[in-house]
Amino acid sequence: MKFKHLAIIYTFIVLIMAVGIKINAQSKVFQTFKDTRVINSHSTETLKAGKMDIRIGHRFGDLAGEAGGWPSFYGLESAQDIMTGVEYGVNNGLTVGVTRYKGSGPLKQNVNGMAKVKILEQDLNGKNSFSLAMVGITTFSTMAKSETEGVLNYFAKTNHRLSYHLEMIMARKFGNRFSLQLSSAITHRNIVSSSEENSTISLGAASRIQMTKAMGLIFDIKKPFLPNKNGFQHWPAGVGFEWETGGGHVFQLNVTNATGLNETDYIPYTNSDWTKGQFRLGFTISRLFTI
Amino acid sequence: MMKYLIVYALLGFGLYIPYKSSPKAQTENNQKVADLEISLGRNLDFKMPNLTIKGASAKVGEEIVKTGFGESSEGKKAKKQSKHFVCTSCHNVVKEDPNLMKNDPEQRLIYTVEKGIPYLQGTTLYGAVNRNTYYNGDYYKKYGNLVDKARNDVREAIQLCAVECAQGRKLEPWEIESILAYLWTIGLKVSDLDLNTEENKLISDPNKTNMDKTLALEMVRGKYLDKSDATFTPPPTDRKVGNGLIGDAKNGYLFYKQSCLHCHYQKKYSYLHLDESGMSRAYLRNAVGTYHNNSIYQVTRWGVAPKAGKRSYMPQYTSQKMSEQQLADLITYLDIGVPKDIKK
C-alpha cells in the first residue's frame, strides 16, 4: 500500500478517535507548553474548544557567515520563510488549521492543512503521566509550474505538489518549571530529487524551562534520517524565549538554523550549519480569539 | 380507673408533642419564603414565570444558568448564550451568606470556605426572586440608564446580565421565563431565616388576624436583605503604600483560592492563568504598585473592560464583595505566600 493511502487511513482513524475525546481541563496538567509550537516543532498542546488562533511566523536570513552580518543587517533584511495561518479548536482534543508558508525549500508558496489530536493528557492525579498527541500535515505547493523538466516544480502530475507529515508527540511536565517532549515522525514528499528517498523518518525533542510566570526558555531539535545527509548541520534546532502577555498572546523569539517553518520543509531541506553562522532570528506571534 | 386515665393522658401527651412539632419541622425544612409571604398577603404575581410560553421550564432555566444553553421547545439546543461566561461564572446558586441580614464580605468568605463554594463578584442567585431591586447602588455608574429598567424588573435584570455582564446575545422570552422559573426553585427557604420560637409561632398560627399577617410579613421581610447593595471603591491613592491596613496572609490566601482562581485557574473564564505557584504570586506582586492591568489594585477595584476580540473581561469587586481589609489580606498573601498551617 502506498504511503499516501496509509496516511489518509491513519488520519481518518485519529480524527474519529478525536471526536470521542472529552478532556476535562480542570483535572489535567495545564500548559505543558504555552503554545501549540515549540520554535519549529509542534507541541502536544491543542486549542481549547471554540478558540481560534491567528498565527504569524517569520524566519530571517543568516545572522552571521557569508550571507549574514552587516550587508544583510544580520539577516533582518531578508526573509527565509514567512507563515500566516489560522487554527481552530474543534473540541479540547482536536485542532485543525490552514496555513500559508512562503517556503524556503525547493517547493514554495505552500498551503498547509493540519489536524492535531490529543490522545492522552497528563493529569494531576498521576493516572496519565504524560501527554500524547498526533499531528498530521498535508502541504500543497501552489508555485508556478516550471517548463524545465527535471526540476522539482516541473510538476508532471498535480500529486507532485503534495507532501505529508505525520508525527507522534509525547510530552511530560515536571513540576511547574520544566517540560520535555519527544517525537517521532515520517515525512513523505511525492516528488524528490533522484538522490533522495520520498519518505523520511525523523526523531525530535523539545523542552521548556519556565523562568517566570510570563517568560520561558525553549529548545527544539529534530534528527532527520536522510540518505547522504548525515552531518549535524542537517539537524534543524532552535533555542528561544517565549512570552505570554496574559491577554491571549504568546510571542516566541528564537534563533534556529532551520530556514523553513513547516515540517515538510525544514525537516528534509535544512542544510544550514550553526558553526558557519548559518542561523537566523525568527519569531512567532500567536493571538487567541474566542469565536 | 384513675390509673388508666393517667396512662391515657400520658400517652396522649406523648403523641401530642410530635404532632405539635411536625408542622414546625416541615416549615423549617421546606417552605419557601416567597410562598409564606404570599400566604401573608404579599403580591408577587409580577415575578411569577410565564410557563405557558412554549419551551419554558425550570429545568431548561437551570441548564441555561449552568451551561449557557438549554433545549428549546423544538428539542434543539439553543445557541450558547455567551461564548465567554455562564451565569455561574460570577454567581453562586446556593446560599453564600451566613446571616441574610448582613452584607459582610469577610463573614461570607469564611462561610464559602466552610461550604466549599466559590467566592464571587456577583451576588448569589439563591434568593434572587426574594429581592426587590437589582443593579443597585453604583451600578448606574457602570451601565448608565440601562439599569433604570433592570432595577425594578427581574426580567430586565436577567436580560441586562445576559447582554452586558455575560457579553452574550439577548435571551429569548422562553429562556428568560425558564431562568425565572429556575430562580423560583432556588428562592430563600424559611429555614434560612433563623427564626426564633416566637417568630415561628407567629407565622405558623393558623388563626392569624390580618394585623397578625401584616406583622408576620414585616417580620419575615426584615429577616433578609431585600437588595444586594453595590458600592464602587477606588484603589488606594498611593498604590506603593497601599490602604494602610495590616493584612492577614491566611485570609488573603483563602480569598485568592476561592475567588481569583475560580476564573483564572487554567484560564477557566480568563485569558490569564493563575495558580498557587510562586510564579503566579511573583507575577502579581511585581505589578501591585503600578497602574498596569496586572495590578491587583487596578483589577479588583476598576475591573478590566471588555474589548473587541477579547470580550472576556473581569468585573470589579464592590466594597460589599471585597472589603478594604480583604484587599490588604490579598496583598499580604502575595507578599509572603501561603501560611504553612493551612497549606495542607
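Attention here is on the structure that accompanies the text. This structure is a prediction, so every number in the text was calculated from the model and none was measured. (Residues numbered from 1 in each chain as written. Chains lettered and ligands numbered in written order. Predicted model: local features only at pLDDT ≥ 70, side-chain atom pairs only at ≥ 80, totals over all residues.)

Examining the overall build of chain B
The helix and strand tally for chain B stands at 16 helices and zero strands. Referenced to the eigenvectors of the C-alpha coordinate spread, the extents of chain B come out at roughly 90 × 55 × 35 Å. Burial statistics for chain B: of 344 residues in total, 34% are counted as buried. Summarising the internal contacts of chain B: among those between residues at least 6 apart in sequence, 68% fall at separations of at least 24. (Helix = DSSP H or I, 4+ residues; strand = E, 2+ residues; numbered from the N terminus. Buried ≥ 20, exposed ≤ 12 C-beta atoms within 10 Å, placed from the backbone. Contact = placed C-beta atoms within 7 Å.)

Regarding the overall build of chain A
Assigned secondary structure in chain A consists of two helices and 14 strands. A total of 291 residues make up chain A; the buried ones form 43% of that total. Intrachain contacts of chain A at a sequence separation of at least 6 include 60% that bridge at least 24 residues.

Things to note about unusual backbone geometry
Residue and element names in this part refer to chain A. The backbone of Tyr74 sits at a positive phi, close to 60 degrees, despite the residue not being glycine. If you trace the backbone, Tyr74 turns up in the loop between strand E3 (51–60) and strand E4 (79–91). Judged by C-beta crowding, with 17 C-beta atoms within 10 Å, Tyr74 ranks as partly exposed. At Gln109, a residue that is not glycine, the phi angle is positive and equals roughly 50 degrees.

Here we look at the interface of chain B and chain A
Contacts between the two partners involve 15 residues from chain B, matched on the other side by 15 residues from chain A. Counted by class, the side of chain B that touches chain A contains five nonpolar, eight polar and two charged residues. (Nonpolar A, V, L, I, M, F, W, Y, C, P; charged D, E, K, R; others polar.)

Quick look at the pairing of strand E6 (residues 110–120) of chain A
Working note: regular strand, side chains alternate between the two faces of the sheet. Residue and element names in this part refer to chain A. Here eight bridges tie strand E5 (residues 94–101) to E6, and the two strands are oriented antiparallel to one another. For Val96, the partnering residue across the bridge sits in E6 and is Ala115. Bridge count for E6 against strand E7 (residues 131–141) is 10 bridges, and the pairing is antiparallel. Its bridge partner lying in E7, Asn110 is registered against Ser141. (Pairing = 2+ DSSP bridges.)

Some remarks on the pairing of E4(A)
Residue and element names in this part refer to chain A. Sheet analysis places E3 next to E4, joined by nine bridges and oriented antiparallel. Paired with Arg55 across the bridge in E4 is Gly85. As judged from the eight bridges shared by E4 and E5, these two strands associate in the antiparallel manner. What sits directly across from Glu87, in E5, is Gly97. Taken together, E4 and the strand that follows it, E5, pair antiparallel across an intervening segment of two residues.

Observations concerning helix H3 (residues 58–67) of chain B
Taken residue by residue, H3(B) has Val60(B), Gly61(B), Glu62(B), Glu63(B), Ile64(B) and Val65(B) as its buried positions. Just downstream of H3(B), Gly68(B) is the residue with a positive phi angle, here 95 degrees.

Points about the packing of helix H10 (residues 197–204) of chain B against helix H11 (residues 210–221) of chain B
Residues and elements named next belong to chain B. For the pair H10 and H11, interaxial distance at closest approach is 9 Å and the crossing angle is 130 degrees. Taken together, the axes of H10 and H11 are oblique relative to one another. Of the two possible hands of crossing, H10 and H11 adopt the one that is left-handed. Contacts between H10 and H11 pair Glu199, Leu202 and Ile203 from the former with Asp212, Leu215, Ala216, Met219 and Val220 from the latter. Partitioning the contact of H10 with H11 into residue classes produces six nonpolar, no polar and two charged. (Axes fitted to C-alpha atoms, helices over the stretch in contact; angles between N-to-C directions. Parallel < 35°, antiparallel > 145°, perpendicular 65-115°, else oblique. Left-handed = near helix turned anticlockwise from the far one by under 90°.)

Some thoughts on the environment of Gly248(A)
Relative to the elements of secondary structure, Gly248(A) occurs in the loop between strand E12 (237–244) and strand E13 (249–256). For Gly248(A), a count of 20 C-beta atoms within 10 Å puts it in the buried group. Along the primary structure Gly248(A) and Pro224(A) are separated by 24 residues, whereas in three dimensions their C-alpha atoms are 33 Å apart. Excluding residues that lie within four positions of it along the chain, Gly248(A) makes contacts with Arg287(A), Leu288(A), Tyr271(B) and Lys310(B).

What to know about helix H13 (residues 278–285) of chain B
For H13(B), every residue scored as buried is listed here: Ser280(B), Arg281(B) and Leu284(B). Along the axis of H13(B), the buried positions cluster into a sector of 100 degrees, meaning they face one direction only. (Arc of directions from axis to C-beta.)

Structural notes on the sheet that holds strand E14 (residues 280–290) of chain A
All names here are of chain A. Sheet architecture is closed into a barrel: 12 strands sit in the order E3-E4-E5-E6-E7-E8-E9-E10-E11-E12-E13-E14, paired in antiparallel fashion. Sheet twist, expressed as the mean angle between neighbouring strand axes with direction ignored, is 20 degrees. Taken together, the 11 bridges between strand E9 (residues 178–189) and strand E10 (residues 199–210) define a ladder with antiparallel strand orientation. Across the sheet, the residue bridging to His188 is Ser199, located in E10.

Focus: the packing of helix H12 (residues 249–264) of chain B against helix H15 (residues 324–336) of chain B
All names here are of chain B. Two numbers describe how H12 lies on H15: the axes approach to 7 Å, and their chain directions differ by 95 degrees. With respect to H15, the axis of H12 lies roughly perpendicular. Contact with H12, carried on its side by Ala249, Asn251, Gly252, Tyr253, Phe255 and Tyr256, involves Gln326, Asp329, Leu330, Thr332, Tyr333 and Ile336 of H15 and no other residues of that element. Per-class residue counts for the contact of H12 with H15 are seven nonpolar, four polar and one charged.

A few points about the nonpolar core
All names here are of chain B. Grouped together as the largest cluster of nonpolar side chains are 58 residues, with contacts concentrated most on Leu125, Ile158, Ile179, Leu180, Leu183, Ile296 and Leu330. Mapped onto this core, the elements with two or more residues apiece are H3, helix H4 (87–90), helix H7 (146–151), helix H8 (154–165), helix H9 (173–185), H12, helix H14 (296–301) and H15. Of all the elements, H9 adds the most residues to this core, at eight residues. Each of domain 2 (45–185) and domain 3 (249–343) gives at least three residues to this core. With sequence-adjacent residues up to four places away left out, Ile296 is seen in contact with Leu284, Val288, Leu330, Ile331 and Leu334. (Core = buried A, V, L, I, M, F, W, Y, C linked by C-beta atoms within 7 Å. Domains from an automatic or database assignment.)

Points about the environment of Pro315(B)
Residues and elements named next belong to chain B. By secondary structure assignment, the location of Pro315 is in the loop between H14 and H15. Linking Pro315 and Gly303, residues 12 residues apart in sequence, is a C-alpha distance of 4.8 Å. Sequence-distant contacts of Pro315, that is, excluding residues within four places in its chain, are made with Cys90, Gln121 and Gly303.

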